[in-house]
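# Close look at the chain arrangement
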Amino acid sequence: MKPPPFSYACPDSVDEALALLAEAGDGAKLLAGGQSLVPLLNLRMAWADAVIDLNRLSELDFIVQENGTLRIGALTRHRALEVSDTVRTAQPLMARAASEVGHLAIRNRGTIGGSLVHADPAAEWPLVAVTLDAELLLRSHTGSRTVAARDFFVGPLTTTTEPNELLCEIRVPVASEQTRWGFQELCRRPGDFAIAAVACQLTLDDSQTCRVASLAVAGAHDVPLAVAEAAACLVGSRGEDAVLAEAADRAAAAVDPPSDVHGSVDFRRRMVRVLSRRALDQAWQHS
Ligand SMILES: Cc1cc2nc3c(=O)[nH]c(=O)nc-3n(C[C@H](O)[C@H](O)[C@H](O)COP(=O)(O)OP(=O)(O)OC[C@H]3O[C@@H](n4cnc5c(N)ncnc54)[C@H](O)[C@@H]3O)c2cc1C
């Protein structure tokens, strides 16, 4: 299949891209890695009057750690995040999740910003952004705003991004020495989208008691879901078996999974329980 005809522009700066976006209105599509947009255009499941290519915007391609925050430019490729020493040290959960995104060829082209705006409910970056309570910086020709990842995803392939907005930056807190994480996903084959995936982050105190907990689920709900009820029961615990089992039960109860050829509602719910338990065990084993 071939895409419908569209005009094409390749701006040299974010300001130029924002001006083009404002001018083109609702008919414009931004092209980052093209790993989701191009197949959708080719299959005519998406359309565009104008395609604005972001690939010359080197100002959106960066990984910087400063003042306890890891700042990532939206045009940063999955592969760059997977192999970055800064990411591995500052947020090892992100490096681990990056390695699960599709295949190497896709990771070489696809970008974290494109994945977040594409908002596949089974994708790794939306899951990680919600788990880590990331902040997303969006710009338009009239200004900028930050939005919490937990408020960004509103449905499958749907976010709060306005047609004239460009996602510029993703900000996550740097993990401390007391931070533990777990990441588990179930796929039919390596590189496939997850049937279900779970990520967690825990902050322990000196007595190995959990003080802050976050647990989120992908692939089993219409958005990547932070499971607050499950996280709440972990706070104050020391990884006791009964508490971890309770958290996994709560995560499974919170999701509203789809049913498709890869898994029924019941199967996905059970997998959320299993993966949650494994992710929490993994986090405590890092202690
Ligand atoms: C065979 C295959 C397997 C895959 N497997 C996985 C997988 O297992 N896990 C996974 O997470 N993903 C997977 N992907 C998708 C991949 O991660 C894509 O890279 C990602 O979904 C989109 O990123 P992109 O940079 O390619 O964005 P594009 O495809 O270029 O854009 C996607 C959408 O985001 C918009 N957009 C892009 N950048 C911005 C921006 N900065 N601001 C505002 N809007 C923007 C575009 O307009 C478009 O609507 C797979 C893709 C393929 C083809």
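No experiment lies behind these values; they were computed from the predicted model shown. (Residues numbered from 1 in each chain as written. Predicted model: local features only at pLDDT ≥ 70, side-chain atom pairs only at ≥ 80, totals over all residues. Heavy atoms only, no water.)

### Here's the deal with the pattern of salt bridges
Test applied: For salt bridges, the criterion is a side-chain nitrogen of Lys or Arg within 4 Å of an Asp or Glu carboxyl oxygen. Only DSSP runs of H or I reaching four residues or more are called helices, and only runs of E reaching two or more are called strands; each is numbered from the N terminus. Exposure is judged per residue with a 1.4 Å probe applied to protein chains only, and the accessible area is read against the type maximum: over 50% gives exposed, under 20% gives buried, and values in between give partly exposed.
According to the stated counting rule, one finds 19 salt bridges in the structure shown. A salt bridge links Arg107 to Glu82, with the shortest nitrogen-to-oxygen separation between them at 2.8 Å. With Arg107 in helix H6 (residues 104-109) and Glu82 in helix H3 (residues 78-83), the pair connects residues that are 25 residues apart, well separated along the chain. Each member of the pair Arg107 and Glu82 is classed as buried. When the shortest N-O distance is used, the salt bridge between Arg88 and Asp85 registers 3.4 Å. Of this pair, Arg88 and Asp85 both sit in helix H4 (residues 85-90), 3 residues apart, which is roughly one turn of that helix. Judged by its relative accessible area of 55%, Asp85 is exposed.

### Quick word on the layout of surface pockets
What counts is decided by this rule: Buriedness of a pocket was judged along seven lines, with at least five required to meet protein on both sides within 12 Å; pockets are open sets of points on a 1 Å grid over the protein atoms alone, cavities are sets where a 1.4 Å probe fits but cannot get out, and lining residues have an atom within 4 Å of a point. Grid points are joined across faces, edges and corners, and a volume is the space filled by probe spheres set on the points. Three residue categories are used. Nonpolar comprises Ala, Val, Leu, Ile, Met, Phe, Trp, Tyr, Cys and Pro, charged comprises Asp, Glu, Lys and Arg, and polar comprises the others, including Gly.
By volume, the largest pocket is sized at about 1300 Å³. Along the wall of the largest pocket there are 49 residues; nearest its centre are Ser36, Leu37, Gly114, Val117 and His118. Top contributing element to the lining of the largest pocket by residue count: helix H7 (residues 112-118), with 5 residues. Its residues assigned to classes, the lining of the largest pocket comprises 24 nonpolar, 17 polar and 8 charged. Computed from the structure, the second largest pocket encloses a volume of approximately 250 Å³. Together, 15 residues line the second largest pocket, and Ala122, Ala194, Asp260, His262 and Arg268 are the ones closest to its centre. Each residue belonging to the lining of the second largest pocket can be placed in one class, and the counts come to 7 nonpolar, 3 polar and 5 charged.

### Observations concerning the packing of helix H11 (residues 241-254) against helix H12 (residues 265-285)
For any two helices packed against each other, the geometry comes down to the angle between their axes and how far apart the axes lie. Where we set the bar: Axes here refer to lines fitted to C-alpha atoms; in helices the fit is confined to the stretch in contact. Angles between the N-to-C directions go from 0 to 180 degrees. Each angle receives one of four descriptions, namely roughly parallel if under 35 degrees, roughly antiparallel if over 145, roughly perpendicular if within 65 to 115, and oblique otherwise. Each crossing is labelled by how the near helix is turned from the far one, with a counterclockwise turn of less than a right angle marking it left-handed and a clockwise turn marking it right-handed. Note on contacts: a residue pair qualifies if any of its non-hydrogen atoms lie within 4.5 Å across the two residues.
Close contact between H11 and H12 brings their axes to 8 Å; oriented N to C, the two are set at 140 degrees. When the axis of H11 is compared with that of H12, the two are oblique. Once H11 is placed against H12, the crossing between them reads as right-handed. Contacts from Asp241, Leu244, Ala245, Ala247, Ala248, Asp249, Ala251, Ala252 and Ala253 of H11 reach H12 at Arg269, Val272, Arg273, Ser276, Arg277, Leu280, Asp281 and Trp284. Taken together, the residues of the contact of H11 with H12 sort by class into 10 nonpolar, 1 polar and 6 charged.

### Quick look at the environment of Leu157
When you line up the elements, Leu157 lands in the loop between strand E8 (153-155) and strand E9 (158-159). Assessed through its relative accessible area of 47%, Leu157 is described here as partly exposed. On a C-alpha basis, the gap between Leu157 and Ile52 in space is 19 Å, while along the polypeptide they are 105 residues apart. Other than its neighbours up to four places away in sequence, Leu157 contacts His118, Ala119, Asp120 and Pro121.

### Thoughts on the environment of Ala74
Inspection of the secondary structure puts Ala74 in the loop between strand E5 (69-73) and H3. Sequence-wise, Ala74 and Gln208 are 134 residues apart; in three dimensions their C-alpha atoms are separated by 35 Å. In this structure, Ala74 is in contact with Leu60, Thr111, Ile112, Gly113, Gly114, Leu167, Cys168, Glu169 and Ile170, ignoring residues within four places of it in sequence.

### Describing the nonpolar core
Filter applied, for reference: Here the nonpolar core consists of buried residues drawn from Ala, Val, Leu, Ile, Met, Phe, Trp, Tyr and Cys, with membership extended through side-chain atoms lying within 4.5 Å.
Within the largest apolar cluster, 39 residues are counted, with the highest numbers of intra-cluster contacts made by Met94, Ile112, Leu116, Trp125, Phe153 and Ile170. Among all residues touching Ile112, those that are not within four sequence positions of it are Ile72, Gly73, Ala74, Thr76, His78, Leu81, Met94, Trp125 and Ile170. Membership of the second largest hydrophobic core comes to 28 residues, among which are Leu204, Val217, Val227 and Cys233.

### Here's the deal with helix H1 (residues 14-24)
Put simply, the test is: In this context, the arc is that of the directions from the helix axis out to the C-beta atoms.
When we look at burial in H1, the residues that qualify are Val14, Ala17, Leu18 and Leu21. End-on, the buried residues of H1 take up no more than an arc of 100 degrees, which puts them together on one face. With respect to the buried face of H1, the exposed residues turned more than 90 degrees away are Asp15 and Glu23. Where H1 terminates, the next one or two residues include Gly25, which has phi positive at roughly 70 degrees.

### Remarks on the site of the ligand
Short version of the rule: Any residue with at least one heavy atom within 4 Å of a molecule or strand is counted as near it. Here a polar contact is taken to be a pair of N or O atoms separated by no more than 3.5 Å, where protein atoms must pair a possible hydrogen donor with a possible acceptor and residues adjacent in sequence count only if both atoms sit in side chains. Only the protein chains shown count as covering a residue, and every accessible area follows the Shrake-Rupley method with a 1.4 Å probe. Molecules are considered to sit inside a cavity or pocket once more than half of their atoms lie within 2 Å of its grid points.
As a matter of local geometry, the ligand sits amid 28 residues, with Leu30, Gly34, Ser36, Leu37 and Thr111 nearest to it. In the model, an oxygen atom of the ligand is placed 2.8 Å from a nitrogen or oxygen of the Gln35 main chain. Within the contact set of the ligand, an oxygen atom lies 3.0 Å away from a side-chain nitrogen or oxygen of His78. Surface burial for the ligand is 87%, taken as the share of its 970 Å² of free accessible area covered by protein chains. Under a 2 Å grid-point criterion requiring more than half of the atoms, the pocket assigned to the ligand is the largest pocket. At the level of secondary structure, the elements contributing two or more residues to the shell around the ligand comprise strand E2 (28-31), H7 and strand E10 (166-173). The biggest single contributor to the shell around the ligand is H7, with 4 residues. Class assignment for the residues of the shell around the ligand results in 13 nonpolar, 12 polar and 3 charged.

Any functional reading would require information that these geometric values do not contain.
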